[in-house]
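Architecture at a glance
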Amino acid sequence: MRDYYKILGVSKDASTEEIKRAYYKLAHKYHPDKGGDEKKFKEVNEAYQTLSNPEKRKQYDMYGRVFESAGTEPGFDFQWFWGKPDFDFEKFGFEDLNDMVGDIFGFGAPKRKKDLKKGKDVEIGIEIPLEATLKNFERKINLYKFIKCTRCDGTGAEPGTRVVECFSCRGTGYVQEIRKTFFGAFTRYTVCPECGGEGYRPEKPCNVCHGEGRIKGKEELEIKIPSGIDSGQILKFEGMGDSGRKGGKPGDLYVRVIVREHPIFERKGDDLEMRVPISFSQAALGDEVEIETLEGKKILLKVPAGSESGKVLRISGKGIPHFSGYGRGNLYVKLIVKTPKKITKKQKELLEKLKEEGI
């Protein structure tokens with residue numbers, strides 16, 4: 001049986017940090033790309049993968065490296081390798097079989113590696129007045145998020161040092177484990193514990209971001225809000241989310257726009273509605289009344305003679321611009337005939353005469 005402690009040259013009560021330092025030293029010495037002994041490199045890697053994992057180390061200390069041959073005694077034998085898997089289950093249509101075996105035993109070919117360096121998307125909400133929907137405009141926002149580390153320029157490596165291939169997985173991002181059971185030998189690919197599945201690591205981590213390539217900070221951004229935007233709509237701004245790890249692609253920024261209610265105008269899609277009070281005489285005889293548009297400009301509205309309370313008049317092209325950028329909605333004016341609560345003696349006399357005339 002191989003003595004993992006002897007292979008790494010550490011005592012049985014060695015700390016995790018001591019085991020890691022010993023591994024790095026030996027891995028550098030025996031790495032095949034450095035002209036080292038490939039067999040020794042595999043042994044060192046195998047020893048480290050077991051002793052650096054608390055559960056595996058505990059099992060190893062209790063039972064040793066048991067189950068050397070399939071079908072002898074209960075237990076497991078772990079063998080670690082670097083490199084790509086030779087057989088791709090998905091390529092040959094065995095995804096279901098691979099998943100089934102993986103669900104039962106926890107083995108199988110690795111899932112397709114995600115972009116582990118990509119930054120997360122960020123979603124925020126902003127509030128704008130109804131008047132702001134009339135034209136395109138730009139707004140500056142201060143966003144607290146992950147930003148690129150300026151010391152290492154996002155690489156995660158201290159200036160003057162390099163980003164190198166991971167010794168454990170040789171740049172693949174995962175290690176291969178062959179496990180023997182009563183049912184036969186099964187292969188499992190797990191994320192490399194040294195580089196977190198990235199395949200590369202900084203030779204010397206940046207002193208500011210500690211190898212992440214990014215830090216938490218505040219960034220001022222300028223976003224463009226198109227005319228015609230409606231409340232609840234979400235705008236996407238590519239690359240304005242969290243910065244990626246170690247130079248990875250940034251996430252996106254999603255801005256949910258809330259349009260505040262207006263005291264005069266009510267929005268109905270791209271149309272606007274407003275209420276305009278008029279007197280009885282204006283309704284009966286007709287008149288021109290001055291009203292205000294959403295732009296703040298005054299226009300004259302012609303009230304037809306004989307208008308009843310609740311009558312709606314349309315003013316074309318005075319609504320909200322269409323989001324497509326072509327044309328505008330309409331403004332609908334609802335006439336409300338006011339009934340006076342207090343009248344003068346003369347007004348009362350005139351109304352009495354109108355009453356006698358059947359009006």
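Please refer to the structure placed before this passage.
Residues numbered from 1 in each chain as written. Predicted model: local features only at pLDDT ≥ 70, side-chain atom pairs only at ≥ 80, totals over all residues. Heavy atoms only, no water.

A few words on the overall build of the chain. Check the secondary structure of the chain and you find 7 helices and 16 strands. Counting across all 359 residues of the chain, residues that qualify as buried make up 36%. Sequence-distant contacts, at least 24 apart, represent 65% of the contacts inside the chain between residues at least 6 apart. Working note: accessible area of the chain is about 22100 Å², and carbon and sulfur atoms make up 50% of it. (Helix = DSSP H or I, 4+ residues; strand = E, 2+ residues; numbered from the N terminus. Buried < 20%, exposed > 50% of the residue type's maximum accessible area, 1.4 Å probe, protein only. Contact = heavy atoms within 4.5 Å. Areas by Shrake-Rupley, 256 points an atom, 1.4 Å probe, with all protein chains shown as cover.)

With that out of the way, let us pick up the environment of cysteine 209. Turning to its location among the elements, cysteine 209 is positioned in the loop between strand 7 (200-202) and strand 8 (214-225). Its relative accessible area of 5% is what places cysteine 209 among the buried residues. On a C-alpha basis, the gap between cysteine 209 and lysine 246 in space is 9.7 Å, while along the polypeptide they are 37 residues apart.

With that out of the way, let us pick up the pairing of strand 14 (residues 298-303). Here 6 bridges tie strand 13 (residues 287-292) to strand 14, and the two strands are oriented antiparallel to one another. The residue bridging glutamate 292 from the neighbouring strand is lysine 298, located in strand 14. The loop that links strand 13 with its antiparallel partner strand 14 comprises 5 residues; one of these, glycine 296, has a positive phi angle of about 95°. (Pairing = 2+ DSSP bridges.)

Okay, the packing of aromatic side chains next. For the coordinates displayed, the defined rule picks out 4 aromatic pairs. Pairing tyrosine 4 with tyrosine 60 gives two aromatic rings, centres 4.7 Å apart and planes at 25°, and the pair type is stacked. Of this pair, tyrosine 4 sits in helix 1 (residues 4-8) while tyrosine 60 is found in helix 4 (residues 54-63), placing the two residues 56 residues apart along the sequence. Each member of the pair, tyrosine 4 together with tyrosine 60, is buried. Owing to a relative accessible area of 9%, tyrosine 60 belongs among the buried residues under this scheme. Through a chain of ring-to-ring contacts, three or more aromatic side chains come together here, namely Tyr4, Tyr5 and Tyr60. The residue whose ring lies beneath arginine 214 is phenylalanine 146, and the NZ or CZ to ring-centre distance is 3.9 Å. The ring of phenylalanine 146 has lysine 216 sitting right over it, with the charged end atom 4.7 Å from the ring centre. (Phe/Tyr/Trp six-rings, centres within 6.5 Å; stacked < 30°, edge-to-face > 60°. Lys NZ or Arg CZ within 6 Å of the ring centre and 35° of its normal.)

With that settled, consider the layout of surface pockets. In this structure, the largest pocket encloses a volume near 520 Å³. Listed by contribution, the elements that provide at least two residues to the lining of the largest pocket are helix 2 (16-30), strand 4 (163-165) and strand 7. Grouping the constituent residues of the lining of the largest pocket by class yields 7 nonpolar, 4 polar and 11 charged. (1 Å grid on protein atoms, 1.4 Å probe; cavity = no way out; pocket = protein on both sides within 12 Å on 5 of 7 lines; lining within 4 Å. Points joined across faces, edges and corners; volume = space filled by probe spheres on them. Nonpolar A, V, L, I, M, F, W, Y, C, P; charged D, E, K, R; others polar.)

Now for the nonpolar core. Note on soluble globular proteins: their nonpolar side chains tend to be buried together. Core analysis: the biggest nonpolar cluster contains 36 residues, and Leu253, Ile291 and Val333 have the highest contact counts within it. In contact with valine 333, other than residues within four places in its own chain, are Met274, Val276, Ile291, Leu301, Lys311, Val312, Leu313 and Ile315. Judged by nonpolar contacts, the second largest core, of 17 residues, contains Tyr5, Phe41, Tyr48 and Tyr60. (Core = buried A, V, L, I, M, F, W, Y, C linked by side-chain atoms within 4.5 Å.)

Together, Lys25, Lys29, Lys39 and Lys40 make up a region of like positive charge exposed at the surface. Breaking the positive patch down by element, the ones donating at least two residues are helix 2 and helix 3 (38-51). Summarising the element assignment, lysine 25 is placed in helix 2. (Patch = residues over 30% accessible without salt bridge, like charges linked within 9 Å, V, L, I, M, F, W, Y side chains within 5 Å. Salt bridge = Lys/Arg side-chain N within 4 Å of Asp/Glu carboxyl O. Lys, Arg positive; Asp, Glu negative; His and termini not counted. Charge placed at Lys NZ, Arg CZ, Asp CG, Glu CD.)

Here we take up the sheet that holds strand 2 (residues 122-128). Strands sit in the order 2-10-9 across an open sheet of 3 strands; the sheet is mixed. With partners counted over all chains shown, the strands left at the sheet margins are strand 2 and strand 9 (234-237), one partner each. For this sheet the average axis-to-axis angle between neighbouring strands, irrespective of direction, equals 25°. Two elements, strand 9 and strand 10 (residues 253-259), share 4 bridges in a ladder whose sense is antiparallel. (Axes fitted to C-alpha atoms, helices over the stretch in contact; angles between N-to-C directions.)

Turning our attention to the pattern of salt bridges. Within the structure shown, the criterion is met by 17 salt bridges. The partner of aspartate 121 in a salt bridge is lysine 118, with the nearest N and O atoms 3.8 Å apart. Judged by its relative accessible area of 42%, aspartate 121 is partly exposed. Take lysine 118: its relative accessible area is 32%, and that puts it in the partly exposed class. The residue arginine 267 makes a salt bridge to aspartate 270 at a minimum N-O spacing of 3.4 Å. On the basis of relative accessible area, aspartate 270 is assigned to the partly exposed category, the value being 22%. When salt bridges with common partners are traced through the structure, they connect Glu198, Glu212, Arg214, Arg245 and Lys246 into a single cluster.

Here we come to the sheet that holds strand 12 (residues 271-278). The mixed open sheet is built from 4 strands, whose spatial order is 11-12-16-15. The open sheet has two edge strands with one neighbour each: strand 11 (266-268) and strand 15 (312-315). Within this sheet the neighbouring strands show an average axis-to-axis angle of 30°, counted without direction. Strand direction decides the pairing type here: strand 11 and strand 12, joined by 3 bridges, are antiparallel. Residue lysine 268 lies in a different strand from strand 12, and its bridge partner there is aspartate 271.

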